[in-house]
Amino acid sequence: RSVVDKQVVNVVSRGFGVIALRDEVDTAVFLVHQNDPVPVSVEERFYTVADDQDTIKVRVFEQGGAEESPRPEDNTILVEGEITDLPPGYPRGTEITMRMSMGGDGILTVTAHHVARLEPLKLVVETGQAMNAAEVAAERDAVNLLKRNL
């Protein structure tokens, strides 16, 4: 595409996700992918792995290399939290709703909700992985300057 057709879009520079047990193996599950436009908000469902599970550990990671990798050790843990003291009586496979969102400020907000809790677990981390409003404006000005000089 020519410069005249280009637009400046603020995107996530690295992917983000949570570590989840898949086929009995810890796996990095990406919810937000590199180059997703911001703001971005994604919801995915996960499930408990045992009857009467009393704790759910949430580990949020950032993509560690140029490509997405399902291996937790290839990514960087940013923040961790737990939903604790869940009452007994919930079977294996009880739904956990995970939401991940990021605005143009690069702040990543993750919520994890289990039906036994009124309030979800909320984790917030400043990633620095999105352009702020001034940076977006500067990029737009540069593109506009190029368009005028064509």
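Everything that follows concerns the structure shown earlier in this document.
Parameters at a glance
Residues numbered from 1 in each chain as written. Predicted model: local features only at pLDDT ≥ 70, side-chain atom pairs only at ≥ 80, totals over all residues. Heavy atoms only, no water. Salt bridge = Lys/Arg side-chain N within 4 Å of Asp/Glu carboxyl O. Helix = DSSP H or I, 4+ residues; strand = E, 2+ residues; numbered from the N terminus. Buried < 20%, exposed > 50% of the residue type's maximum accessible area, 1.4 Å probe, protein only. Pairing = 2+ DSSP bridges. Axes fitted to C-alpha atoms, helices over the stretch in contact; angles between N-to-C directions.

**Thoughts on the pattern of salt bridges**
In this structure the tally under the stated criterion is eight salt bridges. E80 is the partner of K57 in a salt bridge, and the nearest nitrogen-oxygen pair spans 3.5 Å. One end of the pair, K57, is in strand β4 (residues 56–62); the other, E80, is in strand β5 (residues 76–83), and 23 residues separate them in sequence. Given a relative accessible area of 48%, K57 falls into the partly exposed group. With its nearest N and O atoms 2.9 Å apart, the salt bridge here joins D74 to R71. Via salt bridges that share partners, E43, R45, E95 and R99 belong to a single interconnected network.

**Re the sheet that holds β4**
The strand order across the open sheet built from four strands is β2-β1-β4-β5, with neighbouring strands paired in antiparallel fashion. The sheet is open, and its two edges are formed by β2 (25–32) and β5, each paired on a single side. Here the average twist between neighbouring strands, direction ignored, is 30°. Sheet topology places strand β1 (residues 16–22) next to β4; three bridges connect them, and they run antiparallel. Its bridge partner lying in β4, V18 is registered against V60.

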